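These are the residues of each chain, in order.
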Amino acid sequence: MKSWAWGLAGLSLLAILLRNAPLLLLTFFLSLIAGATLLWLRACLQGVTYRRRFSSLRLFHGESTDLYIEIANAKPLPLAWLRAEDELPKVLAVEPARLSASHRPGRQRLLNLLSLRWYERVTRHYRVTGVQRGAWAFGPARLISGDMFGFSVREETLERVDTLLVYPRLVPLIALGLPSDRPFGDFRAMRRLAEDPLRLNGARDYVSGDSMRHVHWKASAHRGTLQTKTFDASANRPLAIFLNINTYEHVWEGIDPELQEYAITTAASLANWAWSQGQAVGLYANAVTQPGAHVVRIRPAGHRDQLTLILEALARLVPYGRWAIEDSLRGEALHLPYGTTVVVVSARVGTGLRRTLLYLHDRGYAVSLVMLGQADPAALVPGVRTFHIGGREAWHALTSLTLA
């Protein structure tokens, strides 16, 4: 613009020196155009808003949601043209959409090219389908505009990011090759089942060692001797699922994406089954979630939001484990409620994991192992109920079945 100003000033001076009226008139009109262009460039993106609106920010695998892109021009100056580029994840299906490649790996750009009158709002409607588990970021967006002649261009980046959660697949246990009724059997643990304080069934004489919190004062007053409350054992065992996110013995060997998704789907389906049975269920994993790098430690519970917490954690899991799954078992199992059934989902069963499973079994825990990948007879642990649900072929068959 500075070169234009100097050029117009020189042209005006030349017209005055030559006393050339047509040249002076042309300079005047060019000055008007340059002024309008400068004004347009400075004000083109002022009052322009770009907003994403989802009908739902949480999807089950295969579900779709509506995405609305609202672009508004809240000023009296119209826009001859506006180009909006929004960063989207490449793995999600967006229809109908004009898409282009992005310089960011795993990303693509949603393009919108339009003109806006003064105080006009335009809404574009798209359909987003959750075809891949994960926490997917939409944004940032870039707005590009300029004068109507295309002499100058101005752009602005909108840093707002919206996150769409896609939960893992949920399949019936029979599709995983697990029995749908009592998949982990009736265990006879060495420990006595936890008593449920909400299931009072009577009173008995107090004996040394009873907790004073369980003294039945009303019955004591009625009988004249100290009485202790008695309870029924909990109707359902809590279920603690331990997910090994690693698919190889060592992290530096990489990951097998298919086996990893198979393991996550298995853990999600087990949690869904237990929750639907009214059973307390929890989830532990040897990985963290993003953002925030939170450790996956969801203690067994049966409240109505428990399944949602588990599915959200599985959707946000990073693909690499930070520590061995046996470390999670040793650190968390001793803090579980009495009678808890421990289920380990893993594609690899090394020496450390076998030792830990045997240790928990010897301590009286009801332990089950769900193995993925290649069958390994050496992975069998005495006393630990083991299921082998197949490898990549089983995963391909499962995904074909759910897609159909």
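Coordinates for the structure precede this section.
None of these values were measured; they are calculated from a predicted model. (Residues numbered from 1 in each chain as written. Predicted model: local features only at pLDDT ≥ 70, side-chain atom pairs only at ≥ 80, totals over all residues. Heavy atoms only, no water.)

## What to know about the nonpolar core
How we decide: Nonpolar core, defined: a set of buried Ala, Val, Leu, Ile, Met, Phe, Trp, Tyr and Cys residues in which side-chain atoms within 4.5 Å join the residues together. Burial status follows relative accessibility: with a 1.4 Å probe on protein chains alone, a residue under 20% of its type maximum counts as buried, one over 50% as exposed, and anything between as partly exposed. The helix count covers DSSP runs of H or I at least four residues long, the strand count covers runs of E at least two residues long, and both are numbered beginning at the N terminus.
In this structure, Ile-241, Leu-243, Leu-270, Leu-314, Leu-317, Val-345 and Leu-372 are the most contacted members of the largest nonpolar core, which totals 45 residues. At the level of secondary structure, the elements contributing two or more residues to this core comprise strand E15 (239-243), helix H4 (257-276), strand E16 (281-289), strand E17 (294-301), helix H5 (306-315), strand E18 (341-346) and helix H8 (392-403). Ranked by residues supplied to this core, first place goes to H4 with 10 residues. Cys-44, Leu-59, Leu-114 and Val-166 belong to the second-largest nonpolar core, a separate cluster that totals 28 residues.

## Some points on unusual backbone geometry
Along the chain, Gly-139 connects to Pro-140 via a cis peptide bond; the corresponding omega equals 0 degrees. Following Gln-290, the chain continues to Pro-291 via a peptide bond in cis, the omega torsion being -5 degrees. Counting through the fold element by element, Pro-291 comes out in the loop between E16 and E17. The backbone of Tyr-119 shows a phi angle near 55 degrees, a positive value even though the residue is not glycine. Locating Tyr-119 in the fold gives a position in the loop between strand E7 (107-116) and strand E8 (120-129).

## Quick notes on the packing of H4 against H5
The criterion, for reference: What counts as an axis is a line fitted to C-alpha atoms, over the stretch in contact for a helix, and the angles between N-to-C directions run from 0 to 180 degrees. Under this scheme an angle from 65 to 115 degrees is roughly perpendicular, one under 35 degrees roughly parallel, and one over 145 degrees roughly antiparallel; angles in between are oblique. Note on contacts: a residue pair is in contact if any heavy atoms of the two residues lie within 4.5 Å. Ten residue types, Ala, Val, Leu, Ile, Met, Phe, Trp, Tyr, Cys and Pro, are classed as nonpolar, four, Asp, Glu, Lys and Arg, as charged, and the remainder, Gly among them, as polar.
Put simply, H4 and H5 touch, their axes get as near as 10 Å, and they point 175 degrees apart. Classed by the angle they form, the pair H4 and H5 counts as roughly antiparallel. In contact with Ile-264, Ala-267, Ala-268, Ala-271, Asn-272 and Trp-275 of H4, H5 contributes Gln-306, Leu-307, Ile-310, Leu-311 and Leu-314. Each residue belonging to the contact of H4 with H5 can be placed in one class, and the counts come to 9 nonpolar, 2 polar and no charged.

## A few points about the sheet that holds strand E5 (residues 93-95)
Strand pairing in a sheet is mediated by backbone hydrogen bonds. Such pairs are either parallel or antiparallel. We count it as follows: Any two strands between which DSSP finds at least two bridges are classified as paired.
The sheet built from 4 strands is open, its strands ordered E1-E3-E8-E5 with antiparallel pairing. Strands with a single pairing partner mark the edges of an open sheet, and in this sheet they are strand E1 (48-54) and E5. With strand direction ignored, the average angle separating the axes of adjacent strands in the sheet is 25 degrees. Two elements, E5 and E8, share 3 bridges in a ladder whose sense is antiparallel. Considered in E8, the bridge of Glu-95 is made with Arg-127.

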